[in-house]
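Spelled out from the first residue to the last, the chains are:
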Amino acid sequence: MAKKIFIITGESSGDKHASGVVRELKRLNPDVIIEGIGGQNLKEQGVKLFSDHSKMGGIGLTPKLIIDHFTLGKRIVDYLKNSFKPDLVLLVDYGTFNLAISKFLKKEGFRVFYFIPPQIWASRKWRIHTIKKNIDKVFTIFPFEEKMYEKEGINSTFVGHPLNFELPEAANREEFFTRHGLDKNKRLVSVFPGSRMFEIKYLLKIFTGAVKIIEKICPDVQFVFSHAKNLKDDAFSVDYKTIKGENQALLSVSDALILASGTVALEAALYNTPMIIAYRGPLFFYLIYLIVRSIKNACLVNIITGKDIVKEFLMYDAKSKDIADEIVKLLNDNNYREKQIQGLKEVSSMLGDKHCVEEVAKLINTELTGE
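It should be emphasised that the depicted structure is a prediction, and the values quoted were computed from it without experimental measurement.

Calculation criteria
- Along each chain, numbering runs from 1 in the same order as the chain's sequence is written.
- Whole-chain, interface and lining totals are the exception, using all residues; otherwise, since this is a predicted model, local features are given only for residues with pLDDT of at least 70 and side-chain atom pairs are given and counted only at 80 or more.
- Each side-chain value is worked out from all heavy atoms of the structure, with water and hydrogens disregarded.
- Stacked, tilted and edge-to-face pairs are distinguished by plane angle, under 30 degrees for stacked and over 60 for edge-to-face with tilted covering the rest, among Phe, Tyr and Trp rings (Trp via its six-membered ring) whose centres lie within 6.5 Å.
- Strands are runs of DSSP state E lasting at least 2 residues, helices are runs of H or I lasting at least 4, and numbering of each runs from the N terminus.
- Throughout, an axis means a line fitted to C-alpha atoms (over the contacting stretch in the case of helices), and angles, computed between N-to-C directions, take values from 0 to 180 degrees.
- Any angle that is under 35 degrees is reported as roughly parallel, and any over 145 degrees as roughly antiparallel; angles of 65 to 115 degrees are reported as roughly perpendicular and all others as oblique.
- Contact between two residues is taken to exist if any of their heavy atoms lie within 4.5 Å; hydrogens are not considered.
- A pair of strands counts as paired when DSSP detects no fewer than two bridges linking them.
- Per-residue accessibility, obtained with a 1.4 Å probe over protein chains only, is compared with the maximum for each type, and a residue is labelled buried under 20%, exposed over 50%, and partly exposed between these values.
- Viewed with both strands pointing away, a crossover whose connecting path from the first strand over the helix to the second turns clockwise is right-handed.

Caption draft 1: Structural detail: the packing of aromatic side chains. In total, this model carries 10 aromatic pairs according to the counting rule given. Summarising the aromatic geometry, the rings of Phe113 and Phe139 are spaced 5.7 Å apart at their centres and angled 80° between planes, so their arrangement reads as edge-to-face. Linking Phe113 in strand S5 (residues 112-115) with Phe139 in strand S6 (residues 137-140), this pair joins segments that are 26 residues apart in sequence. Among the aromatic residues, those joined into a cluster by ring pairs are Phe6, Phe50, Tyr79 and Phe84.

Caption draft 2: Geometry of the packing of helix H14 (residues 320-332) against helix H15 (residues 334-351). For the pair H14 and H15, the least separation of the axes is 5 Å and the interaxial angle reads 95°. In this view, H14 runs roughly perpendicular relative to H15, as classed from their interaxial angle. Judged by residue contacts, Glu326, Lys329, Leu330, Leu331 and Asn332 of H14 engage Asn334, Tyr336, Arg337 and Gln340 from H15.

Caption draft 3: Focus on the sheet that holds strand S7 (residues 156-158). Strand order in the open sheet formed by seven strands is S3-S2-S1-S4-S5-S6-S7, with parallel pairing between adjacent strands. One side of each edge strand has no neighbouring strand; the edge strands of this open sheet are strand S3 (48-51) and S7. Here the strands of the sheet are splayed against their neighbours by 20° on average, with no regard to which way each runs. As paired elements, strand S1 (residues 4-8) and strand S2 (residues 33-37) share five bridges and run parallel to each other. From the neighbouring strand, Ile7 faces S2, where its bridge partner is Gly36.

Caption draft 4: Seen up close, the pairing of S1. With four of five residues buried, S1 is to be regarded as a mostly interior element. Of the crossover connections in this fold, the one passing from S1 over helix H1 (residues 12-28) to the parallel S2 is right-handed. Note: S1 against strand S4 (residues 88-92), four bridges, orientation parallel. Residue pairing for S4: Ile7 is matched across the bridge by Leu90.

And the structure:
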């Protein structure tokens, strides 16, 4: 009898990662039947969608979102219990919803696996108790997560990070400079002020101030501001060149980077590009963050390696002059620059070369077939 899997994703990146797992799983086990919650990526892999993401996405804990989640969750559990009856349920990312529904799935006796679990190591560490109680196996994307879960007696496997195989190769610097009219005789500092409007609001002025200081000290440096693909064309305006939708290429050809804190720092690390990260936002949200956080660092490079490799300028430490001083040091002090680059290379080494979707598919297929 064909085995059945139900997959629950909550947004586009989870849909993309899950579709890779489905592709590899069907290669290993063509007869497997897969349904789920997802988007176009899962649909293109032949997954029958119980629902799309229209009831999943949202910002903040609004009454409508809570009602949508509760209603959808009840429908999912009823369908799985009374109709589909899967051999395994795979949760992918989207921690708030997936951790909540895991309680009801476990209560009904389903085997529940989790790929890309919530970052409990960063904040709200108490969620590990929910995972221990309701999740049968966790597929982690950071090596330190596996150790953390195993310490708590939770069955887990490090499967590799999605960026290992999703990140494009470094762009050709000469071609990139020519295409965008950049001076090949000048070094390039690229500025990533964020992909959310509140990040732009709080960081753009600070970053622009840093750039003005740097250009006075280093006349052989030019600047580019990255315009996130998801932002409207008029999201911000600066007196410097802006390039939209070429984040990875820009990360790879730059001599140094000024980054809003986020996954972009990990991408930069995999290109071995020196950087600083900064964050500033509403004081209220920062105070909440201080209460719920589980670790001191914000930069993934520092978290993965357990070392202070990249300078972090958080909240009121995010000052134009301090950021500028650090970038100038990364540009002009070769020993200091090389020390950070060697630290960035440690990240690639620690993440290894596992292809996460292939690993997850193999492990799931073994669970289904016993082979």
